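Each chain, letter by letter, is given below.
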Amino acid sequence: MKRRGLRASLPRRICACLALAACLLTAGAASRPVYTHAAESSVIETVSITFKSAYGEPEEIIDPVITAGSGNYSLGDIQYRTEYEKWKPGKKVRVEITLTAADGKYFPVSIGRSKCKINGAEYVSAKALDNTTLQVKADYRPVTVLGTTEKAGWSSRSKKKASWKAVSDAPGYTLTLYGDDKVVKRLNVETNSADLSEYMTDLDKTWYYEVKAVPLTAEQKKYLKEGAYVTSTDQEFDWEDYQKEQERLAGPGDAGAIKGDSYVLPDGSRASNTWKKISDIWYYFDAAGNKARGWVLDGPTWYYMDADGAMKTGWVNLGNGSWFYLGPDGAMQTGWIQPSPGAWYYMNQDGYMQTGWIEVNQKHYYLQANGAMAYNTSVDGRWLGADGAAVN
């Protein structure tokens, strides 16, 4: 007789129970959910966008090249919220960028600054428009190469004051002064003029300068490149200039003396139309040989003499809110001045200190009641930047 296997030897009821249990286990395994990491990786947790700036011709502003970096999403629509005609170097331009998720991927409600990497611009926000679309907002600062001045020469009021046509968007200038083709002085200025009288002391030399528009601060250098040098016209001095300079510098060495309002020479004549330095104080004696008082025009330059006839320097208040500033050499100042660190004032072409809103080189500034320029604050609803210029 053949030996039966185990299944054959089991009672029929037990076999049926085993079969039912096997079916239940198989059905449970088929219906049980299988958890994998695939569901977690379908969420796009980080994104990156790069703004690549390009420099064109001088004073030209070029759109940045914008790229997005991942196979999980692609770059979609790009919208600039500032009209191109209003773009200014360094002034923020709001950009709205749409990212589209790849198949099987989706975005969370928002992505914070730490996981939304933006290179070449500043993060503002990153919020989902729907599961597969993310809108990223960023602030981009346009860049440019500064232009060159169209004209560089000398002030009609002073032979030692350099003056040139302003360059658009230039925060400052580098000037190199030459005397007989040798470098005498290099300096940076924030206006389109510079008083060079303290360096142009040798009237026998032929003078000229080179000037170019430049960024002055580390922040400005992020979005501005310096322009090209332009050479000024030559400046030469004649015999009359030489005589006046000698009279001012030498002081009285003629054995004369002040008597009353006059300067009397040993021969009894009175000095006239000339300067005399007596005890370190400058006086001007007019055509009649008397001490000048009030305003004196000597060549192209104005000076102010007090009630004793002494030449004034620094601030002068002539009443009715009329303030003037006279340089160390007594010359009346015009344009931007900085008598003390951090305090800027603007004197108009007649030397008057300005207050309130003014426009200089197509930029608007606000000067407080004391004449000091306001900056890093809001006035009349307009924000004034670190350089004092109103931001659109």
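Let me sum up the structure you'll find in this document.

Rules of the game
Residues numbered from 1 in each chain as written. Predicted model: local features only at pLDDT ≥ 70, side-chain atom pairs only at ≥ 80, totals over all residues. Heavy atoms only, no water. Helix = DSSP H or I, 4+ residues; strand = E, 2+ residues; numbered from the N terminus. Buried < 20%, exposed > 50% of the residue type's maximum accessible area, 1.4 Å probe, protein only. Contact = heavy atoms within 4.5 Å. Pairing = 2+ DSSP bridges. Salt bridge = Lys/Arg side-chain N within 4 Å of Asp/Glu carboxyl O. Phe/Tyr/Trp six-rings, centres within 6.5 Å; stacked < 30°, edge-to-face > 60°.

Our focus in this paragraph is the overall build of the protein chain. Helices and strands together make up the secondary structure of the protein chain, namely four helices and 31 strands. When each of the 392 residues of the protein chain is scored for burial, the buried share is 38%. Pairs at least 24 residues apart make up 51% of the contacts formed inside the protein chain by residues separated by at least 6 positions.

Despite not being glycine, D181 shows a phi value in the positive range, around 70°. Tracing the backbone through its elements, the reader meets D181 in the loop between β11 (172-179) and β12 (182-189).

A few words on the pairing of strand β26 (residues 343-347). The buried fraction of β26 amounts to four of the five residues, a majority that puts the element mostly inside the structure. Alignment of strand β25 (residues 335-340) against β26, held across four bridges, turns out to be antiparallel. Residue pairing for β26: G335 is matched across the bridge by M347. Hairpin connection between β25 and β26: a loop of two residues separates the two successive antiparallel strands, and G342 in this loop has a positive phi of roughly 85°.

Attention now moves to the pattern of salt bridges. Side chains that differ in sign of charge can pair as their charged atoms come close. Taken as a whole, this structure holds ten salt bridges when the rule is applied. Between E96 and R81 there is a salt bridge, and its shortest N-O distance comes to 2.9 Å. A residue pair is termed long-range when its members are at least 10 positions apart, and E96 in strand β4 (residues 93-101) and R81 in the loop between β3 (73-80) and β4 qualify at 15 residues. Its relative accessible area of 14% is what places E96 among the buried residues. The partner of K88 in a salt bridge is D169, with the nearest N and O atoms 4.0 Å apart. One end of the pair, K88, is in the loop between β3 and β4; the other, D169, is in the loop between β10 (161-164) and β11, with 81 residues separating them in the sequence. In this structure D169 comes out as partly exposed when scored by relative accessible area, which is 25%. Salt bridges here are not isolated pairs; linked through shared partners, they connect K92, E122 and R141.

As summarised here, the arrangement of the four strands in space is β12-β11-β14-β16, forming an open sheet in which the pairing is antiparallel. Only two strands of the sheet have a single neighbouring strand rather than two, namely β12 and β16 (230-231). Looking at chain direction, β11 and β12 are connected through seven bridges and run antiparallel. Note on β12: the bridge partner recorded for G179 is K182.

Along the chain, D298 falls in strand β21 (residues 294-298). A relative accessible area of 13% places D298 in the buried class.

Mapped onto the secondary structure, W323 falls in strand β24 (residues 323-326). Here W323 falls in the partly exposed class, since its relative accessible area comes to 31%. Taking the C-alpha atoms as reference points, W323 and G351, separated by 28 residues in sequence, lie 8.2 Å from one another. With residues near it in sequence (within four places) discarded, W323 still touches W315, V316, N317, M347, G351, Y352 and M353.

Across the sheet, three strands lie side by side as β29-β30-β31; this open sheet has antiparallel pairing. Of all strands in the sheet, those with a lone pairing partner are β29 (377-379) and β31 (390-391), marking the two edges. In this sheet, β31 lies alongside strand β30 (residues 382-384) in antiparallel orientation, the contact comprising two bridges. Bridging across to β31, W383 finds its partner in V391.

The full count for this structure, using the stated rule, is 21 aromatic pairs. When the centroid spacing of 5.7 Å and the interplanar angle of 15° are considered together, the rings of F51 and Y140 count as stacked. With F51 in strand β1 (residues 47-52) and Y140 in strand β7 (residues 133-140), this residue pair connects regions lying 89 residues apart in the sequence. A relative accessible area of 5% means that F51 is categorised as buried. Residue Y140 is classed as buried on the basis of its relative accessible area of 0%. Judged by centre distance (5.3 Å) and plane angle (65°), the ring pair of W357 and Y366 falls under edge-to-face. The exposure class of W357 is partly exposed, given its relative accessible area of 30%. By relative accessible area, which is 23% here, Y366 ends up partly exposed. Taken together, W295, W302, Y304, F324 and Y352 form an aromatic cluster joined through their ring pairs.

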